[in-house]
Amino acid sequence: MTDATDIARLHADFEASLAVASSEGDLQALRDRFLGRKQGRVTDLFGTLAKAAPEIKRELGRQINELKAHIEQALDARRASIEASRPPAGFVDVTLPGRPPAPVARRHPLTVMRERIESVFTRWGYEIVDGPETEDDWHCFEALNMPAEHPARDMQDTLYLERPFTRGVAGRPGTRTPPPADVASLLRTHTSAMQIHYMTRHEPPIRIIAPGRVYRRDNLDVTHTPMFQQVEGLVVGERVTMGDLKGTIVAFLQELFGEKTRVVFRPSFFPYTEPSADVFASCHKCGGSGCAMCKRTGFIEVLGCGMVHPAVFEAVGYPKGRYTGFAFGMGIERLALLTYGVDDIRHFYENDLRFLEQFPS
Ligand SMILES: [Zn+2]
């Protein structure tokens, strides 16, 4: 038995459902539920009309029709409003929170160290030069005042190549080039070979640094690797003095370790410089009072240097006595070990992210 109360209840029910409908799918479900041909609730009402008392039949029929029209209208209106608020194709919601950035790659601590060194010298007008890692005996030893019988060659356990290669030596006119028979080939044991490469191609004034990998027949341990990196420096001109060398090295080490760094030069020996010096910097960790890093001495050895030996100038064919110059060399790994307080050189090559991520990049 249907009456006006049923119609009103159904109306209210529809309004409540419409209020929470938010998609076209919701609207279709509502249409099926209320107006569906077989089981729609309004359709059912029409079905019960036959049993209604004759005196109210007409009025009920009118009300049901009214409700049906209202529902259709309301569904259409809501559909139109949903369509109107749908974002256009390619819409970007700029109010959404951003995606978290992916982990950013960082530079290796040895790269950071090399670039710190390079940045100091390039600021001072030095040119950065690069050269071959495979070398012939002449560039690596002979021209650097280390003839075949020279004891300094024993100090450097060299990795020789099984078969010698020949590389054309494009030098300046007058340069003494290696005799063709003497082409023992090797992996360079020091970047000092770059002094020869550069001087055989350029007239002074020269102001270069040459960073690069070098190779020795060393076993891997806490402080040794068969491959490591050096930075070679060379300055040549007229009237370049030991004072220039000392000033350059002191200024460089103060740039690297801080302006309070004290620097000590101690006489040393290298075949290709005379006089030669080992250079010590006051320990940047304890300030010179003595700690584990500096082995209680307050100083750490950081590089070797000296005035270019006249025999080297002679080998590259510079006129006798015209030029003077200085050279220095340092190990990048060694400086990185000291700077970062790392106790084992092998960490630098093991690519363990837990280690690498501790360094500033
Ligand atoms: Zn110390």
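Residues numbered from 1 in each chain as written. Predicted model: local features only at pLDDT ≥ 70, side-chain atom pairs only at ≥ 80, totals over all residues. Heavy atoms only, no water.

Peer 1: I tried to follow the sheet that holds strand 4 (residues 206-215) on my own but got confused; where do I start?
Peer 2: Two orientations exist for strands paired in a sheet by backbone hydrogen bonds: parallel and antiparallel. With respect to topology, seven strands assemble into an open sheet ordered 1-4-5-9-8-7-6, the strand pairing being mixed. Edge strands, defined here as strands with exactly one partner in the open sheet, are strand 1 (127-128) and strand 6 (263-270). Pairing of strand 4 with strand 5 (residues 227-237), which is carried by 10 bridges, proceeds in the antiparallel orientation. Bridging across to strand 5, Ile209 finds its partner in Gly233. On the sheet, helix 5 (residues 109-123) packs against strand 1, strand 4, strand 5 and strand 9 (324-331) and is oriented at approximately 165 degrees with respect to strand 4. Lying on the sheet, helix 9 (residues 242-257) is in contact with strand 6, strand 7 (273-282), strand 8 (299-308) and strand 9; it crosses strand 8 at an angle near 150 degrees. (Pairing = 2+ DSSP bridges. Helix = DSSP H or I, 4+ residues; strand = E, 2+ residues; numbered from the N terminus. Contact = heavy atoms within 4.5 Å. Axes fitted to C-alpha atoms, helices over the stretch in contact; angles between N-to-C directions.)

Peer 1: Can you walk me through the environment of Thr225 in this structure?
Peer 2: Structurally, Thr225 is set in the loop between strand 4 and strand 5. On the basis of relative accessible area, Thr225 is assigned to the buried category, the value being 4%. As a C-alpha pair, Thr225 and Glu333 span 108 residues in sequence and 9.7 Å in three-dimensional space. Those residues in contact with Thr225, other than ones at most four positions away along the chain, are Asp218, Leu220, Ile345 and Tyr349. (Buried < 20%, exposed > 50% of the residue type's maximum accessible area, 1.4 Å probe, protein only.)

Peer 1: Can you walk me through the coordination of the zinc ion in this structure?
Peer 2: When a metal carries six donors in an octahedron, the ideal angles between them are 90 or 180 degrees, while four donors in a tetrahedron ideally lie at 109.5 degrees. In this structure, Cys283 (SG), Cys286 (SG), Cys291 (SG) and Cys294 (SG) serve as the protein donors to the zinc ion, at separations of 2.3 Å. Relative to the metal, the four donor atoms surrounding the zinc ion lie at angles of 104 to 115 degrees, and the coordination shape comes out tetrahedral. Mapped onto the sequence, the donors of the zinc ion take the spacing C-x2-C-x4-C-x2-C. Looking at Cys283, the relative accessible area reads 1%, which means it is buried. (Donors = N, O, S within 2.8 Å, 3.2 Å for Na, K, Ca; no water. Tetrahedral: all angles 85-135°; square planar, octahedral: opposite > 155°, others 65-115°.)

Peer 1: Any chance you could explain the environment of Phe359 here in plain terms?
Peer 2: By the element assignment, Phe359 lies in the segment after helix 12 (353-356). The sequence separation of Phe359 and Val112 amounts to 247 residues, and the corresponding C-alpha distance is 9.2 Å. Here Phe359 is in contact with Arg106, Pro109, Tyr340, Val342 and Phe348, once residues within four sequence places are set aside.

Peer 1: Is there a simple way to explain the pairing of strand 8 in this structure?
Peer 2: Where a strand is regular, its side chains alternate between the two sheet faces. When you tally the buried positions in strand 8, you get nine out of 10 residues, the bulk of the element. Pairing of strand 7 with strand 8, which is carried by eight bridges, proceeds in the antiparallel orientation. Its bridge partner lying in strand 8, Phe280 is registered against Glu301. Alignment of strand 8 against strand 9, held across four bridges, turns out to be antiparallel. When the sheet's bridge partners are listed, Gly306 is paired in strand 9 with Ala327.

Peer 1: Quick question: what am I supposed to make of the nonpolar core here?
Peer 2: Ranked by size, the top nonpolar core spans 45 residues in total, and within it Leu253 and Val302 carry the most contacts. With six residues, the single largest contributor to this core is helix 9. Setting aside residues up to four positions removed in sequence, Leu253 forms contacts with Gly258, Thr261, Val263, Val279, Ala281, Val302 and Leu303. (Core = buried A, V, L, I, M, F, W, Y, C linked by side-chain atoms within 4.5 Å.)

Peer 1: I would appreciate a short explanation of the domain arrangement of the chain in the present structure.
Peer 2: How big an interface is tends to be expressed through the accessible area that disappears when the partners come together. Annotation of the chain at the domain level lists domain 1 (4-85) and domain 2 (109-356). Averaged C-alpha coordinates put domain 1 and domain 2 at centres separated by 92 Å. (Domains from an automatic or database assignment.)

Peer 1: Any chance you could explain the packing of aromatic side chains here in plain terms?
Peer 2: Each aromatic ring pair is specified by the distance between its two centres and by the angle formed by the two planes. For the structure on display, the rule yields 13 aromatic pairs. Relative to Trp124, the ring of Phe121 lies with its centre 5.5 Å away and its plane at 85 degrees, an arrangement referred to as edge-to-face. Residue Trp124 is classed as partly exposed on the basis of its relative accessible area of 27%. Considering the side-chain rings of Phe313 and Tyr318, the 5.8 Å spacing of their centres and the 35 degrees angle between planes classify their relative orientation as tilted. You can call Phe313 buried: its relative accessible area is 7%. Judged by relative accessible area, Tyr318 falls into the buried class, the value being 5%. (Phe/Tyr/Trp six-rings, centres within 6.5 Å; stacked < 30°, edge-to-face > 60°.)

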